[in-house]
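Spelled out from the first residue to the last, the chains are:
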Amino acid sequence: MPDRPQRPLTAEEIATYDRDGVVHARGLFPPAWVERMARAVDEAVADPTLFGGLVSMPEQGFSGDLFLWQQRDAFRDFVYDSPAARLAAQILRAPSVRFFYDQLFVKPAGCHVATPWHHDVTFWPVEGEAVVSMWITFDAVTRTSSGLEFVRGSHRWPQRFKAVTPNYDPYMMDSDLEDVPDIDAHRGDYELICWDLEPGDVLLFNGLIVHGSTGNYSTERGRRAFASRWVGDGVRFAPRRATMPLLWPHGLQPGDALAGPLFPQVLPAPIAAEGARRAAGPVPPDLGLIQASLAAAGRR
């Protein structure tokens, strides 16, 4: 069963999450977990997965990666053993939680790759509101070193915006959704929030909140960040074009509840049949699904 956090989220933190769409929390993860995952992130950057090769921008210093838990044991252990599942259950008020996927965002000092304004939900082939992102930093972070900025309360906006990646991938933007507003050109029109963070600090945020960050303009400080995403009840598989490809078999049909080996239950207890394949060793992506994804992107 997952470890317990060093402290539970407070009622005030949960209320802030509900009201603003994001909350900054300290002291949740024991130092041993922070240190272990910092090492795991460094190792992942040095040896990216196939997904990492697709989303990184090495010539500009940006490293990204997704679904690391399927191929790297430290990230698998984070899913099943760290306090993350308990924190997700608390913030979602969910009796059961499943793991969605993980993602890496690393910008070393001087990496000027910005994260464009976006909300996460339109990147995902799912529908449902009970999705929380748990963004953990392993370095001290300020706005100058690419700290995340959020538009307070934007998780309640009715609009849905195109998925915009750091490299402006045309496949992901090939949708009929609205463009994200030009927030930087009208910053005074929005209530923008950003925190100075210390290693191990956590940002918990709703999949609908609009957020982004500048490049890392610090010449001394890198920004290693890791997002762990979790779902509660009512989240369903909803495939559509211009969303994140799923490169592992999952057996889900449109409208099915998100479940199975690719999206395993962790609380109230893991389901042995869902975790058996991963427990036996790393699970590489499926060649046929890779080819289908590349073909779809080639038709953009």
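First, a word on what this report is: a plain description of the structure on this page. Source: prediction; values computed, not measured.

## Some remarks on a nonpolar patch on the surface
Line of reasoning, step 1. A surface patch of nonpolar side chains, amounting to about 270 Å² of accessible area, comprises Leu50, Leu54 and Leu294.
Line of reasoning, step 2. Tracing the sequence through the fold places Leu54 in helix α3 (residues 50–55).

## Section: the sheet that holds strand β4 (residues 115–118)
Line of reasoning, step 1. Across the sheet, four strands lie side by side as β4-β10-β7-β8; this open sheet has antiparallel pairing. This sheet does not close on itself; its edge strands, each paired only once, are β4 and β8 (192–194). Neighbouring strand axes in the sheet, compared pairwise and without regard to direction, differ in orientation by 25° on average.
Line of reasoning, step 2. Bridging between strand β7 (residues 149–151) and β8 involves three bridges; their strand directions are antiparallel. Bridging from a neighbouring strand, Phe150 pairs with Ile193 of β8.

## Comments concerning the pattern of salt bridges
Line of reasoning, step 1. A full pass over the atoms with the stated rule returns 21 salt bridges.
Line of reasoning, step 2. Taking the shortest distance from any N to any O, the salt bridge between Asp18 and Arg93 comes out at 2.5 Å. Of this pair, Asp18 sits in helix α1 (residues 11–20) while Arg93 sits in the loop between α5 (84–92) and β3 (97–107), placing them 75 residues apart in sequence.
Line of reasoning, step 3. Here Asp77 and Arg76 are joined by a salt bridge, their closest N and O atoms 2.9 Å apart.
Line of reasoning, step 4. Given a relative accessible area of 14%, Asp77 falls into the buried group.
Line of reasoning, step 5. Through salt bridges with shared partners, a single ionic network connects Arg36, Asp73, Arg76, Asp77 and Arg278.

## Overview of the packing of aromatic side chains
Line of reasoning, step 1. Under the defined criterion, the tally for this structure stands at 18 aromatic pairs.
Line of reasoning, step 2. Considering the side-chain rings of Trp157 and Phe161, the 6.3 Å spacing of their centres and the 90° angle between planes classify their relative orientation as edge-to-face.
Line of reasoning, step 3. Judged by its relative accessible area of 23%, Trp157 falls in the partly exposed class.
Line of reasoning, step 4. Each residue in the set Phe51, Phe67, Phe100, Tyr101, Trp124, Trp248 and Phe263 is aromatic and connected to the rest through ring pairs, giving one cluster.

## Some thoughts on the environment of Asp18
Line of reasoning, step 1. Classification of Asp18 by relative accessible area gives partly exposed; the value is 26%.
Line of reasoning, step 2. Apart from the residues lying within four places of it in its own chain, the contact partners of Asp18 are Arg93, His155 and Arg156.

## Concerning the environment of Ala74
Line of reasoning, step 1. Assignment of secondary structure puts Ala74 in helix α4 (residues 73–81).
Line of reasoning, step 2. Along the backbone, Ala74 and Arg160 are 86 residues apart, and their C-alpha atoms lie at a distance of 34 Å.
Line of reasoning, step 3. Setting aside anything within four residues of it in sequence, one finds Ala74 in contact with Arg36, Met37 and Ala40.

## Observations concerning the state of the cysteines
Line of reasoning, step 1. Going through the model one piece at a time under the given rule, you end up with zero disulfides.
Line of reasoning, step 2. Cys194 takes part in no disulfide bond, and the closest cysteine sulfur, belonging to Cys111, lies 17 Å away.

The rules behind these values
Residues numbered from 1 in each chain as written. Predicted model: local features only at pLDDT ≥ 70, side-chain atom pairs only at ≥ 80, totals over all residues. Heavy atoms only, no water. Patch = residues over 30% accessible without salt bridge, like charges linked within 9 Å, V, L, I, M, F, W, Y side chains within 5 Å. Areas by Shrake-Rupley, 256 points an atom, 1.4 Å probe, with all protein chains shown as cover. Salt bridge = Lys/Arg side-chain N within 4 Å of Asp/Glu carboxyl O. Helix = DSSP H or I, 4+ residues; strand = E, 2+ residues; numbered from the N terminus. Pairing = 2+ DSSP bridges. Axes fitted to C-alpha atoms, helices over the stretch in contact; angles between N-to-C directions. Buried < 20%, exposed > 50% of the residue type's maximum accessible area, 1.4 Å probe, protein only. Phe/Tyr/Trp six-rings, centres within 6.5 Å; stacked < 30°, edge-to-face > 60°. Contact = heavy atoms within 4.5 Å. Disulfide = S-S within 2.5 Å.

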